[in-house]
Every structure is written in C-alpha cells, then in structure tokens.
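# Per-entry structural report
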Amino acid sequence: MLQSVNPTTGEVVKSYEAHTSEGTEKIINAVDKTWHHWRSTSFMFRSQLMQNLSSLLKSKREELAFLMALEMGKVKQEGMAEIDKCAWACDYYAANAESFLENEPIPTEASKSYVSYQPIGTVLGIMPWNFPFWQVFRFAAPTLMAGNTAVLKHASNVPGCAIAIEELFREAGFPENVFRTLLIGSKQVEKVIRHKAIKAVSLTGSTPAGKSVAAIAGSELKKCLLELGGSDPYIILEDADMEYAAQKCAKGRLLNAGQSCIGAKRFIVEEKVYAHFLELFTHEMSEAVFGDPFDEDTTMGPMARFDLRDELHQQVVASVEKGAEVIIGGEIPRIKGAFYPPTILENLKPGMPAYDEELFGPVASVIKVKDLQEAVKVANDTEFGLGAAIFTANTSKGENIAEMRLEAGACFVNDFVKSDPRLPFGGIKTSGFGRELSVHGIKEFTNIKTVVVR
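Read on for a plain summary of the structure. All values reported here derive from a predicted model rather than from experimental measurement.

About the criteria used
Residues numbered from 1 in each chain as written. Predicted model: local features only at pLDDT ≥ 70, side-chain atom pairs only at ≥ 80, totals over all residues. Heavy atoms only, no water. Helix = DSSP H or I, 4+ residues; strand = E, 2+ residues; numbered from the N terminus. Rg over C-alpha atoms; globule rule 2.2 N^0.38 Å. Contact = heavy atoms within 4.5 Å. Salt bridge = Lys/Arg side-chain N within 4 Å of Asp/Glu carboxyl O. Buried < 20%, exposed > 50% of the residue type's maximum accessible area, 1.4 Å probe, protein only. Polar contact = N/O pair within 3.5 Å; in protein donor to acceptor, adjacent residues only side chain to side chain. Pairing = 2+ DSSP bridges. Axes fitted to C-alpha atoms, helices over the stretch in contact; angles between N-to-C directions. Patch = residues over 30% accessible without salt bridge, like charges linked within 9 Å, V, L, I, M, F, W, Y side chains within 5 Å. Areas by Shrake-Rupley, 256 points an atom, 1.4 Å probe, with all protein chains shown as cover. Lys, Arg positive; Asp, Glu negative; His and termini not counted. Charge placed at Lys NZ, Arg CZ, Asp CG, Glu CD. Right-handed = clockwise from strand over helix to strand, strands pointing away. Parallel < 35°, antiparallel > 145°, perpendicular 65-115°, else oblique. Nonpolar A, V, L, I, M, F, W, Y, C, P; charged D, E, K, R; others polar. Arc of directions from axis to C-beta. Left-handed = near helix turned anticlockwise from the far one by under 90°. Phe/Tyr/Trp six-rings, centres within 6.5 Å; stacked < 30°, edge-to-face > 60°. Lys NZ or Arg CZ within 6 Å of the ring centre and 35° of its normal.

## A short note on the overall build of the chain
In terms of regular secondary structure, the chain is built from 15 helices and 18 strands. For the chain, whose C-alpha radius of gyration is 22 Å, the value lies close to the compact-globule estimate of 22 Å for 454 residues. Its C-alpha atoms give the chain principal-axis dimensions of roughly 65 × 60 × 40 Å. Long-range pairs, those at least 24 residues apart, make up 73% of the contacts in the chain with a sequence separation of at least 6.

This is the structure:
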C-alpha cells in the first residue's frame, strides 16, 4: 500500500494499492512487447503525439499544480511553472529529435560508413518527489522520441502524480504500454532492474541510491544514468552587484522550499564585501512567506515530508553544536505541517554537516574567504559536483572561472543554476554521471551503431 500524505496538514490524501510482483511483471512484459512496434514508428508520428502531450499539459497546468501542492507541498505558482517546463521539453524534442538522431557520415576507405542512433528497448526511470512532473518528463520525452519505451518507478510519496503522468500519455494518444507507471516500493526495484526486458536505468535521487542502482545495473551489464545530490557553491566576488547577487542567491536557495539538487547551497563570499552581502542576503531570505501552498501570498510551502524536515533540522543542530552560528531561522516553527523557516548559518568549517553535506531544504551556508583563490578552493572542497555559480562584474573573468576552475557539470555566471531542455544536465564526482536533456541526453539511451559498406 502506498500513501499520499499532505505535508501541510499531515493528513492522508489517498491510499493506493501497490502492484504485485505478478502485476509488475505483466506491465514490463507488455511495455517490452510494445517497443517492437514503437521503435519502427516515424519521428513525425512520435512528434505529433509529443505535441499533443504538450498541449494537454498546458491545458491542465492548474489541476496538476494542485496535485503537486497536495502531495509534496509545492506552491501553486512554482507548480504551474513546472508544468510549463514539462510542455517545453515535449515541444523541444518533438521539434528536434529527428535531426539530433540523424545518421552521421564518417569518411573512411569504405564506400560508405556512418553512425546510426538506434533505440535500445525499455528504459526504467526511477524518479524523485521534489519535481514530480519535471524529473519524469525530462527523462521520458527524449527516451520515447528516440524510439524507446519506458516504465516509471516514482517516489512512494507522490503516487497520485505518478498515475496522473501515465494518464497524460494515454490521453495524448500514445499507444497503450509505451509509458507505464509501476506502483512499487524501493525493495522491488532491484528485481525490476534485473528483468531481462529492462535495457537501461535512469535515476534521479540521492548519492546512496545512485551507488545502489549503479551496482545492480553494473552486475547486469546495463547502462545507467545517474543524476544525484549536489551542494552547489556560489562565489560572490567583491566587484559583484551585491543587491542583484543577494536576490539571485536567495531565489536559488528557496526555490521549491530549498528541495532541489541544483539549489544554491553554499555561499562563498570575499571578506571585503562579506558583511554587506550577508546583510542583503539576510533581508532577501527573510522576505519569504512560508505557509499553505494553496495560499496566493505564500512563496514557500512546507517540506515534502516530516522526516525530511526533521533530518534537515538535525543537520542544522549538529552544525551549531560544532560552532556554526545561526543568523536567522534554525528552529522548527510551532505550526501544523512539515515547515522549516529560511535559515542562514555562518562560521562554517570542514567537519560540520552544513559544510560537508547536502542540506536539502531552505538552509544557506555562508562562508567568508580572503580572495578568489581561496573561494575556488572552498567551492571545490566537496564530494559533489552538480552545479556552481559565480557573481562578478567582470563577466569574462567569471566565464573563465566557470569553464576552467569550478568542478561541476553546470556553471553559471551571474545567475542561479537551472536546467534547460536545450542544455545538457548532469554532474561529476558523487553527483553522478551521464547527461540528460539537449542533443546529449537523447543519445544516452541509444545504440550508437557503426555501419560500414565496402
């Protein structure tokens, strides 16, 4: 049994009967059988269905945003923006998949030689709760447009979103069993990965989950793509526009109640402007209005689950016990719901959770450094490598630092890190491997086949 619990009230929204082992097996086999037909459909046919899906998402944006608010606490405006982004991904791959996967001629001694990109079969998507629609669509749109089929194992606390996504594909006109949802718990995932019909796995989740999935997939010689945790550093140099930087940094930290793998998490500030930035940043963080996600005035909802809120608080407490100082927040509010206030910590050092670990919630770690050299050293002093940003008036200098010196899969200059269907997305180090989105993402789950004609 899977339960959907409203994090704003703590009340059970709905209970869902989980798929049995036999039911799961039946779904996977049906999707695999469908792949043998789906792979031979034209790009034009797939594109039209993907455009139908985009239109459907746009028409249901408020309804789907309501569902996200109900199941994981996302505020309405952010929920609607998430659905818009899903539609964007559908339109993007509908328009570009065919050209992305065109044969690539390579001159050799043969009369003809080229690379062909062929679908590989049914791909398993294991997706998280924090962006319950976007994470799925950024996986599903390129996967299906490449000629693969897909099964989804969504996070157990958003079963309503998981079912809604399957229904959207069906309503858009996709053939039955091109995309299916598996209502199963984490204990059943290994068996699904090992199923002979599953040809690859895409996981967005924690680093421990990534290691587990990679080990299982590796033992079966199946490809996996891992987009894992992050502790994104944002460097603020002394020549930056401080008001602008403070606004962008606060927005990057508080988006989705701070529950984002590419959320701004560590703010590394040159000492000459540290006090000024901290004052402005504190003001911006304090402006957030946290409360009922259905309220139009709310800018930040609750965290997705009570246990996640409590784990975050323990990280804050442990950091304070080791010498960190709380500027604002840092206490569980005495109100109903899984709420945690915007929090800023300073005086951070290695060995503290707020320095070493990912804080998956609205908590900012602010670190003072002497100069750029120390800033880069601190930024890279992490096991993660998903995103990073730098704020400076010298954009060419910032670009050089972003390209050459920061260790991350995506580095932004004078903006907070965000995903975009047109740009590859993924990390290095313990933030995972492989890339989603763009031309690179659609090729991840293809057979990059060499064809030679003498």
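## Section: the pattern of salt bridges
Per the counting criterion, the structure on display carries 25 salt bridges. A salt bridge links R194 to E190, with the shortest nitrogen-to-oxygen separation between them at 3.0 Å. You can see R194 and its partner E190 sitting in helix α7 (residues 189-194), 4 residues apart, about one turn around the helix. You can call E190 partly exposed: its relative accessible area is 38%. The salt bridge involving R422 is made with D420; its shortest N-O contact spans 2.7 Å.

## Quick word on the side chain of T298
As for its placement among the helices and strands, T298 is situated in the loop between α10 (274-286) and α11 (306-321). Of note is the side chain of T298, whose polar atom sits 2.8 Å from the backbone oxygen of D292. The contacts of T298, once residues within four sequence positions are left out, are V75, V289, F290, G291, D292 and P293.

## So, the sheet that holds strand β9 (residues 223-227)
Spatially, the 6 strands line up as an open sheet ordered β7-β6-β5-β8-β9-β17, and their pairing is mixed. Edge positions in the sheet fall to β7 (179-181) and β17 (432-433), since each has one partner strand and no second. Of the strand pairs in this sheet, strand β5 (residues 122-126) and strand β6 (residues 149-153) are connected by 5 bridges, and their pairing is parallel. Looking across to β6, one finds that V123 is bridged to A150. Sheet contacts for helix α1 (residues 21-38): β5, β6, β7 and β8 (198-204); angle to β6, the most-contacted strand, approximately 155°. The strands touched by helix α5 (residues 134-145) within the sheet are β5, β6, β7, β8 and β9, with β6 carrying the most contacts at an inclination of about 165°.

## Section: a negative patch on the surface
On the surface, D356, E357, D381 and E383 cluster together into a patch of negative charge. Residue classification places D381 among the partly exposed residues on the basis of a relative accessible area of 38%.

## A short note on the pairing of strand β16 (residues 410-413)
Side chains A410 and F412 project from β16 onto a buried face, and the interleaved C411 and V413 project onto a face without burial. Where strand β15 (residues 387-391) and β16 come together, 4 bridges link them in parallel fashion. Paired with A388 across the bridge in β16 is C411. What joins β15 to β16 is helix α14 (residues 395-404), and the crossover it makes is right-handed.

## What to know about the packing of helix α3 (residues 61-72) against helix α6 (residues 159-171)
Relative orientation of the contacting elements α3 and α6 amounts to 160°, with a least axis distance of 9 Å. In this view, α3 runs roughly antiparallel relative to α6, as classed from their interaxial angle. Every residue of α6 that contacts α3 at L64, L67, M68 and E71 is listed here: P159, G160, C161, A164 and L168. Grouping the constituent residues of the contact of α3 with α6 by class yields 7 nonpolar, 1 polar and 1 charged.

## Some details on helix α13 (residues 372-379)
If you check which residues of α13 are buried, you get L372, A375, V376, V378 and A379. Taken end-on, α13 shows its buried residues confined to a sector of 165°, consistent with a single buried face. Projecting away from the buried face of α13 at angles above 90 degrees are the exposed residues Q373 and K377. If you follow the buried residues of α13, they end up packed against β10 (232-236), β11 (264-270), α12 (353-356), β14 (363-369) and α14.

## Concerning the packing of helix α2 (residues 43-59) against helix α4 (residues 76-100)
Interaxial distance between α2 and α4 falls to 8 Å at its minimum, and their mutual angle equals 165°. Taken together, the axes of α2 and α4 are roughly antiparallel relative to one another. Read as a crossing pair, α2 and α4 show a hand that is left-handed. Residues F43, S47, M50, Q51, L53, S54, L57 and K58 of α2 lie in contact with α4, whose contacting residues are I83, C86, A87, C90, D91, A94, A97 and E98. Of the residues that constitute the contact of α2 with α4, the class distribution is 10 nonpolar, 3 polar and 3 charged.

## Examining the environment of G121
By secondary structure assignment, the location of G121 is in the loop between β4 (112-119) and β5. Taking the C-alpha atoms as reference points, G121 and A146, separated by 25 residues in sequence, lie 9.9 Å from one another. Apart from residues no more than four positions distant in its own chain, G121 is found in contact with W35, N148, T149 and K199.

## Some details on the packing of aromatic side chains
Within the structure shown, the criterion is met by 15 aromatic pairs. A ring pair is formed by W129 and F360, whose centres lie 5.8 Å apart and whose planes are at 85°; its orientation type is edge-to-face. You can see W129 sitting in the loop between β5 and α5 and its partner F360 sitting in the loop between α12 and β14, a full 231 residues away along the chain. Owing to a relative accessible area of 11%, W129 belongs among the buried residues under this scheme. Considering the side-chain rings of F169 and F179, the 4.3 Å spacing of their centres and the 15° angle between planes classify their relative orientation as stacked. In this pair, F169 sits in helix α6 while F179 sits in strand β7, placing the two residues 10 residues apart along the sequence. The same class applies to F169 as to F179, namely buried. Here the aromatic cluster, defined as three or more aromatic residues joined through ring pairs, consists of W38, F45, F137, F169, F174 and F179. R46 extends its terminal NZ or CZ atom over the ring of F43, reaching a point 4.8 Å from the ring centre. The ring of F416 has K418 lying over it, and the distance from NZ or CZ to the ring centre is 4.3 Å.

Function cannot be inferred from these measures alone, as they are strictly geometric.
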